[in-house]
Amino acid sequence: MYDYFLRFIAVTILISGAVVGVSDSVAQSVDKESLTESLQQVLKEEDYGKASYYTYQLAKHSYTQGDKAAALEYIDTFFDYNKKSGDDLLEYLAYQLEGNIYLDQNNASKAQTSFKRSLKAAQSVGQADYEMEALINSGISFMAQGKERRAVSALEEALSLAIVEKDLQTRMRCYALLVETYDSWGKADKVKEYETLLNGLKNSNAEPVEEQGDTESTISSSGRSIRNGRSRAGASMDKLRQVEDSLLATRYSLEATERSLRNMEEVSENQKLQIDLLNKDKQLADLEIKEQNARLKNAALVRNFIIFGVLLAGALVVVIIRSYRKKIEANKEIDRQNKSIQSSINYAKRIQEAMLVNASVQESLLPESFILFKPRDSVSGDFYWFSEIKSWYDPDVVFAAVDCTGHGIPGAFMSLIGMNTLTNIVNQGEAESNQILEKLDTGIRKALQQETTGNRDGMDVALCIYRKEKNILEFSGAKNPLIYIQEGELHQIKGDTRAIGGNRPMKKKKPAPFTKHVVAIDEPTMIYVFSDGFQDQFGGPNNTKFMSKRFKELLLSIHELPLAEQKKALNDAIESWKGDGHQTDDILVMGIRLDNIDG
């Protein structure tokens, strides 16, 4: 173990180059053999974070030695290990290296895919300079494929970040690359526009002369990269070395991963505390309602007594006045109790809102999506849910629209149990839609002890998994359906007739398993999952339900609109239908636009 520790220190010294006074003989002793020995040692210890690190270093070593095939093999092995450790920074470095290798091999299409994934990893790390590097590389790979429009989009996004970050060097690179791209595209007016911006930036006094000269050298190198479709290996590897220095200086005890696991445990504990708090609030509300009912009965008795006293005789005026005062005090107490109950309900609403997926998580998992969520009361029995399922490159996304038994406080109670159970199932590694529903059914029955208590509460679920790498959508439904629209044609996949939890007939002890349906996403597809609240809303000229047929016609008429306009159209339609009437049930509609990942 001591020898392994010395090897780890030596590798760190060689990569970072930041230690002063180390002899050349020590640095030269850390070669491919030393890296391989270190890798074997950490694999015995099942330390996949360090295994990912050493495998990446072996890939980079092979690349610098000119063995690109071996470098790609090491990168594939890296992703196996990193899938278990989840190091976003190392993932960014690996995709950058992979993209440069593919550019060296004149395979711009695969390079573009690698740079696209490096951008996603950079966004997870939260470093703007990594995002700019990934966007610039994506622009170069698009240009090498002759896709000038997409190259311009990536370069302009990098330029916007450079302006925000006040990064003069990157701005000049982006201007030069945009000049080259528009020139290849034949857009003379745009070439002139960006040449003017570039010259103005070079002639300004914002940078020293020597630093501008380095920028012009970088610009020239970038232009040649576009024309040849080749990697700027020198400039990119300098950037990677800087990132590695930061990596080696801040972690390789995998503290970040351990902190992440601890945070997940703390979140789970917080959710349990929130559920316990909601239980106590409900008990308090029940007690206060009983007290209120008792006071109402007393007030009614007092009122009747006053009426009777008035009829008996004026001699009882004093008694009547005294009783009337008591009535006023009772009403004040009732009003106080009502306010207290409403305060508890509002607190329950805040707890439920905190448990739901927030907008930033929704945007990162499903950028092209909307959620129309309209609880009937302050809290809702409907809820929506998102999560990730780790896969080879891009994580798969699982999402669901769930309709619990009842609404208001009881429905919200069920929704918290449902959200917590779904999250635990996915965190335990389940990645099949039908099996997630099976385990959810088991979890709900166990949580409510339905086999012994006779409790019949349950939920209807529409659950989907978007497999990005395979370009497919998997669907399983517990009573609730899936609607999707392709090429202007609406399709519906019904859910199984079996619900989650609830009453189960004695004659059929073991129900049929849930079904998994697969939809190919080989063209732009609009996905809708929902509860039954929208279709069951009463209104219209004859005060009837909105109904499924009218709902499908509405979806088909709006499916090509931008997502925000679709949400507004649905909300306007149901509000117009409801008119002055009250909302019948909780309403939930989720819309997701999917496309081929390689498109």
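Structure report, in brief. The shown structure was predicted, so the numbers you read here are calculated from the model rather than taken from an experiment.

Thresholds, definitions, all that
Each chain carries its own residue numbering, running from 1 in the written order of its sequence. Predicted model: local features are reported for residues with pLDDT of at least 70 only, side-chain atom pairs are reported and counted for 80 or more only, and whole-chain, interface and lining totals are derived from all residues. Processing note: side-chain calculations cover all non-hydrogen atoms of the structure and skip hydrogens and water entirely. The working definition used for a salt bridge is a side-chain nitrogen of Lys or Arg within 4 Å of a carboxyl oxygen of Asp or Glu. Under the scheme applied here, a residue whose accessible area is under 20% of the maximum for its type counts as buried, over 50% as exposed, and between as partly exposed, the area being computed with a 1.4 Å probe on protein chains only. The convention used is that axes are lines fitted to C-alpha atoms, helices contributing only their stretch in contact, and that angles between N-to-C directions extend from 0 to 180 degrees. Put simply, DSSP marks the helices as runs of H or I at least four residues long and the strands as runs of E at least two long, and each gets a number from the N terminus on. Put simply, angles under 35 degrees are roughly parallel, angles over 145 are roughly antiparallel, angles from 65 to 115 are roughly perpendicular, and the rest are oblique. Working rule for handedness: look at the near helix, and if it is turned counterclockwise from the far one by less than a right angle, call the crossing left-handed; if clockwise, right-handed. Any two residues whose heavy atoms approach within 4.5 Å at even a single point are treated as in contact. Residues are sorted three ways: Asp, Glu, Lys and Arg are charged, Ala, Val, Leu, Ile, Met, Phe, Trp, Tyr, Cys and Pro are nonpolar, and all the rest, Gly among them, are polar. A patch consists of residues whose relative accessible area exceeds 30% and which take part in no salt bridge; residues with like charges are grouped when within 9 Å of each other, and nonpolar side chains (Val, Leu, Ile, Met, Phe, Trp, Tyr) when within 5 Å. A 1.4 Å probe and the Shrake-Rupley method give the accessible areas. Residues count as covered only by the protein chains that appear here. Neither His nor the chain ends is counted toward charge; the positive residues are Lys and Arg and the negative residues Asp and Glu. Charge coordinates come from a single atom per side chain, which is NZ of Lys, CZ of Arg, CG of Asp or CD of Glu. The rule is short: rings of Phe, Tyr and Trp, with Trp giving its six-membered ring, pair when the centres are within 6.5 Å, and they are stacked under 30 degrees, edge-to-face over 60, tilted in between. Whether a charge sits over a ring comes down to the Lys NZ or Arg CZ being within 6 Å of the ring centre and within 35 degrees of the ring normal. How far a helix is expected to stretch is found by multiplying one less than its residue total by 1.5 Å. Arc, as used here, means the arc of the directions from the helix axis to the C-beta atoms. Strand pairing is assigned whenever DSSP identifies at least 2 bridges connecting the two strands.

### Topic: the pattern of salt bridges
Turning to step 1, where the next piece is worked out: Applying the stated rule across the entire model yields 17 salt bridges.
Turning to step 2, where the next piece is worked out: Across the pair E451 and R445 runs a salt bridge, and its minimum N-O distance is 3.8 Å.
Turning to step 3, where the next piece is worked out: Close ionic contact of E474 with R467 constitutes a salt bridge, the shortest N to O distance being 3.0 Å.
Turning to step 4, where the next piece is worked out: A residue is classified by how much of its surface remains accessible, and E474, at 6% relative accessible area, is buried.
Turning to step 5, where the next piece is worked out: For R467, a relative accessible area of 8% corresponds to the buried category.
Turning to step 6, where the next piece is worked out: Counted as one network, the salt bridges with shared partners bring together D396, E432, R467, E474 and K516.

### A few points about the packing of helix α4 (residues 48-64) against helix α6 (residues 88-104)
Turning to step 1, where the next piece is worked out: Put simply, α4 and α6 touch, their axes get as near as 11 Å, and they point 20 degrees apart. Our classification of the angle between α4 and α6 gives roughly parallel. Judged by the sense of rotation from one axis to the other, the crossing of α4 with α6 is left-handed. In contact with G49, S52, Y53, Y56, A59, K60 and Y63 of α4, α6 contributes L90, L93, A94, L97, N100, I101 and D104.
Turning to step 2, where the next piece is worked out: Taken together, the residues of the contact of α4 with α6 break down into nine nonpolar, three polar and two charged.

### With respect to a negative patch on the surface
Turning to step 1, where the next piece is worked out: A contiguous patch of negative charge, built from D67, E73, D76 and D80, is present on the exposed surface.
Turning to step 2, where the next piece is worked out: Take E73: it is sitting in helix α5 (residues 68-85).
Turning to step 3, where the next piece is worked out: Under the relative-accessibility criterion, E73 is labelled exposed at 57%.

### Some details on unusual backbone geometry
Turning to step 1, where the next piece is worked out: Although it is not a glycine, N106 sits at a positive phi angle of roughly 60 degrees.
Turning to step 2, where the next piece is worked out: Along the chain, N106 falls in the loop between α6 and α7 (108-125).
Turning to step 3, where the next piece is worked out: Under the relative-accessibility criterion, N106 is labelled exposed at 54%.
Turning to step 4, where the next piece is worked out: The phi dihedral of K166 is positive, around 55 degrees, even though this residue is not glycine.
Turning to step 5, where the next piece is worked out: When its relative accessible area of 75% is taken as the criterion, K166 is described as exposed.

### Considerations on the packing of helix α3 (residues 32-44) against α4
Turning to step 1, where the next piece is worked out: At a minimum axis separation of 9 Å, α3 and α4 run at an interaxial angle of 160 degrees. Considered as vectors, α3 and α4 are oriented roughly antiparallel to each other. α4 is crossed by α3, and the crossing has left-handed handedness. Across from K32, L35, T36, S38, L39, V42 and L43 in α3, the residues of α4 making contact are Y48, K50, A51, Y54, T55, Q57, L58 and H61.

### Section: the environment of R336
Turning to step 1, where the next piece is worked out: By the element assignment, R336 lies in helix α15 (residues 317-355).
Turning to step 2, where the next piece is worked out: You can call R336 partly exposed: its relative accessible area is 44%.
Turning to step 3, where the next piece is worked out: It is 9.9 Å that separates the C-alpha atoms of R336 and Q292, two residues lying 44 residues apart in sequence.

### With respect to the packing of aromatic side chains
Turning to step 1, where the next piece is worked out: Taken as a whole, this structure holds 14 aromatic pairs when the rule is applied.
Turning to step 2, where the next piece is worked out: Consider the rings of Y48 and Y81, whose centres lie 6.2 Å apart with planes at 35 degrees: the pair is tilted. In this pair, Y48 sits in helix α4 while Y81 sits in helix α5, placing the two residues 33 residues apart along the sequence.
Turning to step 3, where the next piece is worked out: Y48 sits in the partly exposed class, given a relative accessible area of 23%.
Turning to step 4, where the next piece is worked out: In this structure Y81 comes out as buried when scored by relative accessible area, which is 17%.
Turning to step 5, where the next piece is worked out: Ring centres 5.3 Å apart and planes at 65 degrees place the aromatic pair F78 and F79 in the edge-to-face group.
Turning to step 6, where the next piece is worked out: Joined through ring pairs, the aromatic side chains of F530, F534, F546, F551 and W577 make up one cluster.
Turning to step 7, where the next piece is worked out: The side chain of K187 reaches across the aromatic face of W185, ending 4.9 Å from its centre.

### Thoughts on helix α11 (residues 188-203)
Turning to step 1, where the next piece is worked out: Along its 16 residues, α11 runs 22 Å from first to last C-alpha, staying within 8% of the 22 Å computed at 1.5 Å per residue.
Turning to step 2, where the next piece is worked out: Buried within α11 we find V191, Y194, L198 and L201. The buried residues of α11 occupy an angular sector of 100 degrees when the element is viewed end-on, so they sit on one face. Opposite its buried face, α11 presents the exposed residues A188, D189, K192, T196 and N203, each directed more than 90 degrees away.

### Considerations on helix α20 (residues 548-558)
Turning to step 1, where the next piece is worked out: Along α20, the residues classified as buried are F551, L554, L555 and I558. Along the long axis of α20, the arc covered by the buried residues comes to 100 degrees, so they all point the same way. Turned more than 90 degrees away from the buried face of α20 sit K549 and S557, all of them exposed.
Turning to step 2, where the next piece is worked out: Elements in contact with the buried residues of α20: β6 (482-486), β10 (525-530), α21 (563-578) and β13 (587-594).

### A short note on the sheet that holds strand β1 (residues 369-374)
Turning to step 1, where the next piece is worked out: Taken together, five strands build an open sheet; the order of strands is β1-β13-β10-β6-β7 and the sheet is antiparallel. The open sheet terminates on both sides in strands that have one partner only, identified here as β1 and β7 (489-493). Looking at each pair of strands side by side, their axes are set apart by 15 degrees on average, direction ignored.
Turning to step 2, where the next piece is worked out: By the bridge criterion, five bridges tie β6 to β7 in an arrangement that is antiparallel.

### What to know about the pairing of strand β4 (residues 458-467)
Turning to step 1, where the next piece is worked out: For β4, a buried count of ten out of ten residues is recorded, marking the element as mostly surrounded by other parts of the structure.
Turning to step 2, where the next piece is worked out: Burial along β4 is two-sided: the residues G458, D460, A462, C464 and Y466 and M459, V461, L463, I465 and R467 are all buried.
Turning to step 3, where the next piece is worked out: Where strand β3 (residues 396-404) meets β4, eight bridges bridge the pair, whose relative direction is antiparallel. Each residue of the ladder has a partner; that of C404, found in β4, is M459.
Turning to step 4, where the next piece is worked out: Two strands pair when backbone bridges link them, and β4 and strand β8 (residues 500-501) are joined in this way by two bridges, in the antiparallel orientation. Counterpart to G458 in the pairing with β8 is G501.
Turning to step 5, where the next piece is worked out: As paired strands, β4 and strand β5 (residues 472-478) are joined by six bridges and run antiparallel to one another. Counted as the bridge partner of C464 is F475 from β5.

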